[in-house]
Amino acid sequence: MDNVVVYKANTESLPIVLGLLRKEGFSPTTLEDPAIVPYRGGNRHIIHVAVPREEAPGAASVLRKWDEDQESDVKEKTAALAGPFIFSTMVTIGLAFVFLFFGILLEAVALLFVIWLVVFVLAANAEKITKIVKGRRISKTKRG
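Note that the structure is a prediction, hence the values are computed from the model and not measured.

Trainee: Can you tell me about the sheet that holds strand β3 (residues 46-52), naming the residues and giving the values?
Mentor: The three strands lie next to each other as β1-β3-β2, forming an open sheet whose pairing is antiparallel. Each end of this open sheet is capped by a strand with a single partner; those strands are β1 (3-10) and β2 (29-30). Where β1 lies against β3, seven bridges are found, and the strand directions are antiparallel. The partner of Lys8 across the bridge, within β3, is His48. Docked against the sheet, helix α1 (residues 14-23) engages β1, β2 and β3, running at close to 10 degrees with respect to β3. Set on the sheet, helix α2 (residues 56-102) makes contact with β1 and β3; between it and β1 the angle comes to about 20 degrees.

If you want it as structure tokens, here you go:
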């Protein structure tokens, strides 16, 4: 059987890619054995995904659509986190100036990182936190 490489996947996305192709009715294989792919110090190894030549155009189309969906999902998440990132950075810079004014900036660098992290997490999850708090208030008024 004549196979054609339609995708180059890293070891983390390989099961997703193979599952997607199988779900769509294609017959994907890998040119390398994922179980024995060497790990090279932080670099993800690429595994070539191939399908029979007659399935290649359809499989490539499915994978192109999947890549576009993944890319748009990443863009949405990045855009959603931009505001909390900037807000937490501004709060941290403000506190850094306060600490500098009091002469404790060098001693408080680790604390500034923790403050940045906490503010970022809270700002990124502000909508979820608000829903939880509102839900508890509503349940208390129903009981009371």
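Trainee: Mind laying out the nonpolar core, listing which residues take part and the relevant values?
Mentor: Counting residues in each nonpolar core, the largest one holds 17 residues, and the members touching the most others are Val6, Tyr7, Val17, Leu21, Val49 and Leu63. Listing elements by their share of this core, those giving two or more residues are β1, α1, β3 and α2. Beyond its immediate sequence surroundings of up to four residues, Val6 is in contact with Val49, Ala50, Val51, Ala56, Ala59 and Leu63.

Trainee: Any chance you could break down the pattern of salt bridges for me, citing the residues and the numbers?
Mentor: Counted according to the given criterion, the structure contains five salt bridges. Between Asp69 and Lys65 there is a salt bridge, and its shortest N-O distance comes to 3.0 Å. One end of the pair, Asp69, and the other, Lys65, are both in helix α2, four residues apart, so they sit about a helical turn from each other. Look at Asp69 and you get partly exposed, because its relative accessible area is 35%.

Trainee: Go over the side chain of Ser88, please, and point to the residues and values.
Mentor: In this structure, Ser88 sits in helix α2. For Ser88, a relative accessible area of 0% corresponds to the buried category. For Ser88, the residues in contact, after removing those within four places along its chain, are Trp116, Val119 and Phe120.

Trainee: Kindly report on the packing of aromatic side chains, identifying the contributing residues and their values.
Mentor: For the structure shown, the criterion picks out five aromatic pairs. Ring plane angle 70 degrees and centroid distance 6.1 Å describe the contact between Tyr7 and Trp66, whose orientation is recorded as edge-to-face. Remark: Trp66 occurs in helix α2 and Tyr7 occurs in strand β1; sequence separation between them is 59 residues. Considered together, Tyr7 and Trp66 belong to a single accessibility category, that of buried residues. A connected cluster of aromatic rings, assembled from ring pairs, spans Phe85, Phe113, Trp116 and Phe120.

Trainee: Summarise the pairing of β3; cite the residues concerned and give the values.
Mentor: With respect to burial, β3 is a largely interior element, five of its seven residues being buried. Bridge count for β2 against β3 is two bridges, and the pairing is antiparallel. Counterpart to Thr29 in the pairing with β3 is Ala50.

Trainee: So what about α2? Which residues, and what values?
Mentor: In an α-helix, one turn spans 3.6 residues; hence positions three or four apart end up facing the same way. The end-to-end C-alpha distance of α2 is 66 Å, a good match for the 69 Å that 47 residues give at a rise of 1.5 Å each. Roughly 30 degrees is the biggest bend found in α2, and it falls at Leu81, with proline Pro84 one to four residues downstream. By the burial criterion, the buried members of α2 are Ala56, Ala59, Val62, Leu63, Trp66, Pro84, Ser88, Thr92, Ala96 and Phe99. Those residues of α2 that are buried are in contact with β1, α1, β3 and α3 (109-124). Looking one or two residues beyond α2, the residue adopting positive phi is Gly103, at roughly 75 degrees.

Cut-offs and rules
- Residues numbered from 1 in each chain as written.
- Predicted model: local features only at pLDDT ≥ 70, side-chain atom pairs only at ≥ 80, totals over all residues.
- Heavy atoms only, no water.
- Pairing = 2+ DSSP bridges.
- Helix = DSSP H or I, 4+ residues; strand = E, 2+ residues; numbered from the N terminus.
- Contact = heavy atoms within 4.5 Å.
- Axes fitted to C-alpha atoms, helices over the stretch in contact; angles between N-to-C directions.
- Core = buried A, V, L, I, M, F, W, Y, C linked by side-chain atoms within 4.5 Å.
- Buried < 20%, exposed > 50% of the residue type's maximum accessible area, 1.4 Å probe, protein only.
- Salt bridge = Lys/Arg side-chain N within 4 Å of Asp/Glu carboxyl O.
- Phe/Tyr/Trp six-rings, centres within 6.5 Å; stacked < 30°, edge-to-face > 60°.
- Expected span 1.5 Å × (residues − 1).
- Bend = angle between axes of the 7 residues up to and from the residue.

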